[in-house]
Amino acid sequence: APAPAPAPPSPSASISLGFSHRSTAKDSKAAIFGVCFSPHYAALTPPRHVFAAAGGPQVAVYECCADGSMALLQTFRTEGSPAEDYYTTAWGCDRSGQSLLAAAGKLAVIRVFNPARQALVQTLSGHGHPVNEIVFHPSNPTLLLSASKDQAMRLWNAVTGVCIVVFGGDNGHRDEVVGVAFNLAGTRIVSGGLDRAIKVWSLDSAEIKAAIAASCAAGAGAPVPATLTVHAAAFTTYAVHRNYVDAVAWLGGMVLSKSNENSIACWLPGGDPRLDIPEDRRKYLGDPVTVIKRMPLPHSEIWFIRFALDRQARYLAAGTQTGDVHVWSLDHDNDRAACVLAHKLCSSPVRQPAFSPDSRILVCGCDDGSLWRWDRDRVTSGP
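Residues numbered from 1 in each chain as written. Predicted model: local features only at pLDDT ≥ 70, side-chain atom pairs only at ≥ 80, totals over all residues. Heavy atoms only, no water.

K.L.:
When you look at helix H2 (residues 206–217) in this model, what are you seeing that I'm missing?
P.N.:
Given 3.6 residues to a turn, an α-helix orients residues that are three or four positions apart in the same direction. Between the first and last C-alpha of H2 there are 17 Å, a value that for twelve residues agrees with the 16 Å anticipated at 1.5 Å per step. Along H2, the residues classified as buried are Ile208, Ala211, Ile212 and Ser215. All buried residues of H2 fall inside an arc of 100° around its axis, so they share one side. H2 presents Ala206 and Ala213 as exposed residues on the side facing more than 90 degrees away from its buried surface. Buried residues in H2 make contact with strand E11 (143–148), strand E12 (153–157), strand E13 (163–167), strand E16 (198–202) and strand E17 (228–230). (Helix = DSSP H or I, 4+ residues; strand = E, 2+ residues; numbered from the N terminus. Expected span 1.5 Å × (residues − 1). Buried < 20%, exposed > 50% of the residue type's maximum accessible area, 1.4 Å probe, protein only. Arc of directions from axis to C-beta. Contact = heavy atoms within 4.5 Å.)

K.L.:
Before we go on, may I ask you to explain the pattern of salt bridges in this structure?
P.N.:
A side chain of one charge can pair with a side chain of the opposite charge when the charged atoms of the two come close. Evaluation of the coordinates by the stated rule reveals ten salt bridges. Of the charged contacts in the structure, one is a salt bridge between Asp333 and Lys293, with a shortest N-O distance of 3.7 Å. Remark: Lys293 occurs in strand E22 (residues 289–296) and Asp333 occurs in the loop between strand E25 (325–329) and strand E26 (339–341); sequence separation between them is 40 residues. Among the salt bridges present, the one from Arg351 reaches Asp367, with a minimum N-O distance of 2.8 Å. Here the residue Arg351 occupies a position in strand E27 (residues 350–355), and Asp367 occupies one in the loop between strand E28 (361–366) and strand E29 (371–382), the gap between them amounting to 16 residues. Taking relative accessible area as the criterion, Arg351 reaches 11% and is therefore assigned buried. (Salt bridge = Lys/Arg side-chain N within 4 Å of Asp/Glu carboxyl O.)

K.L.:
Where do I start with the side chain of Gln58 in this structure?
P.N.:
Within the secondary structure layout, Gln58 lies in strand E4 (residues 58–64). For Gln58, a relative accessible area of 12% gives the class buried. Only 3.2 Å separates the side chain of Gln58 from the side chain of Arg77, close enough to count as a polar contact. Look past the residues within four positions of Gln58 in its chain and what remains in contact with it is Asp27, Ser28, Ala53, Thr75, Phe76, Arg77 and Tyr86. (Polar contact = N/O pair within 3.5 Å; in protein donor to acceptor, adjacent residues only side chain to side chain.)

K.L.:
Even after reading the chapter, I still don't get empty space enclosed by the protein, so can you show me in this structure?
P.N.:
Any space left empty among the atoms is revealed by the rolling of a water-sized probe across them. This model, assessed by the stated rule, comprises one cavity of 30 Å³ or more. The space that makes up the largest cavity amounts to roughly 70 Å³. Contributing elements (two or more residues each) for the lining of the largest cavity: strand E3 (49–55) and E4. (1 Å grid on protein atoms, 1.4 Å probe; cavity = no way out; pocket = protein on both sides within 12 Å on 5 of 7 lines; lining within 4 Å. Points joined across faces, edges and corners; volume = space filled by probe spheres on them.)

K.L.:
In this structure, what is going on with the packing of aromatic side chains? I would like to understand it.
P.N.:
Aromatic ring pairs are reported here in terms of the distance separating the ring centres and the angle at which the planes meet. Tallied over the entire structure, the rule returns twelve aromatic pairs. A centroid spacing of 5.3 Å and a plane angle of 10° characterise the contact between Phe51 and Tyr62, whose relative ring orientation is stacked. Of this pair, Phe51 sits in strand E3 while Tyr62 sits in strand E4, and the two are eleven residues apart along the sequence. Of the two residues, Phe51 and Tyr62, neither departs from the other in class, the shared state being buried. Three or more aromatic residues link up through ring pairs in this structure, and these residues are Phe33, Tyr87, Tyr244, Trp303 and Phe304. Lying across the ring of Phe304, Arg306 places its NZ or CZ 4.1 Å from the centre. (Phe/Tyr/Trp six-rings, centres within 6.5 Å; stacked < 30°, edge-to-face > 60°. Lys NZ or Arg CZ within 6 Å of the ring centre and 35° of its normal.)

K.L.:
Teacher, can you tell me more about the nonpolar core here?
P.N.:
Proteins that are soluble and globular tend to have nonpolar side chains buried together. Counting residues in hydrophobic clusters, the biggest one holds 23 residues, and the most contacted among them are Leu145, Met153, Leu155, Phe167 and Ile189. Elements with a minimum of two residues in this core: E11, E12, E13, strand E14 (177–182), H2 and E17. In this view, Leu155 contacts Leu143, Leu144, Leu145, Val162, Cys163, Ile164, Val165, Phe167, Phe182, Leu203 and Ile212; residues no more than four positions away in its chain are not counted. Counting 17 residues, the second largest nonpolar core, distinct from the first, contains Tyr315, Cys339, Val350 and Trp374. (Core = buried A, V, L, I, M, F, W, Y, C linked by side-chain atoms within 4.5 Å.)

K.L.:
In this structure, what is going on with the pairing of E27? I would like to understand it.
P.N.:
Two faces make up the sheet, and in a regular strand the side chains alternate between them. In terms of residue burial, E27 counts as a mostly covered element, since six of its six residues are buried. Joining the antiparallel neighbours E27 and E28 is a turn of five residues, in which Ser359 adopts a positive phi near 70°. (Pairing = 2+ DSSP bridges.)

K.L.:
Please explain the sheet that holds strand E6 (residues 86–93) as it appears in this structure.
P.N.:
Either a parallel or an antiparallel arrangement is found when strands of a sheet pair, and the pairing is made through backbone hydrogen bonds. Across the sheet, which stays open at both edges, the four strands sit in the order E6-E7-E8-E9 with antiparallel pairing between neighbours. On the outer flanks of this sheet lie E6 and strand E9 (119–125), each paired with one strand and no other. Neighbour-to-neighbour, the strand axes of this sheet turn through a mean angle of 20°, independent of strand direction. Both E6 and strand E7 (residues 99–105) contribute to a ladder of seven bridges, which runs antiparallel. Across the sheet, residue Thr89 finds its bridge partner in E7, namely Ala103. (Axes fitted to C-alpha atoms, helices over the stretch in contact; angles between N-to-C directions.)

K.L.:
Even after reading the chapter, I still don't get unusual backbone geometry, so can you show me in this structure?
P.N.:
If a residue is not glycine, its phi is most likely negative; likewise, a peptide bond is most likely trans. Of the consecutive residues Thr45 and Pro46, the connecting peptide bond is found in the cis state with omega at -5°. Located in the positive-phi region is Gln118, a residue other than glycine, with phi close to 55°. Mapped onto the elements, Gln118 comes out in the loop between strand E8 (109–114) and E9. Taking the relative accessible area as the measure of exposure, Gln118 reaches 61% and is therefore exposed. In this structure, His299 takes a positive phi of about 60° despite not being glycine. Along the polypeptide, His299 turns up in the loop between E22 and strand E23 (307–309). The exposure class assigned to His299 is partly exposed, which follows from its relative accessible area of 43%.

Have a look at this one:
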């Protein structure tokens, strides 16, 4: 079930977070671009903290053990020429509730694995260029959304293999789409790309809902439905960032977004027009926004440095190109990170952090192929 909407931040309190480095794993020489915890293993009794790490031609599945180590459970490796280079990975499940692990990257093909069967169960082809990010729907984990260098996003049924909707075209992104996310209800999508645009797309139309339902029946005697195309987003803005946008997420009705400008922005779609800008230039900013705050993230000038929001929307983590990881408490209205995680042996860019479903473990993937495990051991609040 989706996590509850985040509570309003406390304006007057400060918070101190403490994380301890527990272990480091390095089973690949390739850069780790994608890290994602499974919510399904965490729901077992007792819960298991299982995550996937994607980089180079393989996706590796690890378990965070009670002794602080990270145990390698299995790997899915894609051989062939040209060589695959995975950029992103995500967890979903099939109709029976079995976990699915999807991964995609350089070759523009999304591969869906069943870890329990140790098998490739679906291949999703349609993008014309590399896939930068994939995410599963928050309440229907058979639905998979992909963002690509081909300037489009695609919504798939990962079980039947049907491409349900293509988001893009004349009024879509004008450069590659790098970041994408569902809102908590699964009714809206936010996307960001190299064109500096951040767009909001709706899944609420009767036509899209009918296409999603038809995709579930495909392959069971029913014909494969035609793919819909949505050319225009419901909202488009260029006003938040001056450079490409490589990470986005919803925080309730607000949006978190990041560029290579050494900060993460928190903002609301809508607001008053920028009267300090001449009207003839204002139209190039797109729809107005209300920027709530910008959270400093020094040493993050290179692109494809992601951030991670925990399942309860309480903590935000982002790495830097110098190997540090900044963690914010979103329960408190403070622009500065509550703590910065650093280790003398970690100097490689941190591409992707990921929180465990209970928010107690943070795993970070780095350019040098290493994975770093940090466990939260302290949360204290003060005036």
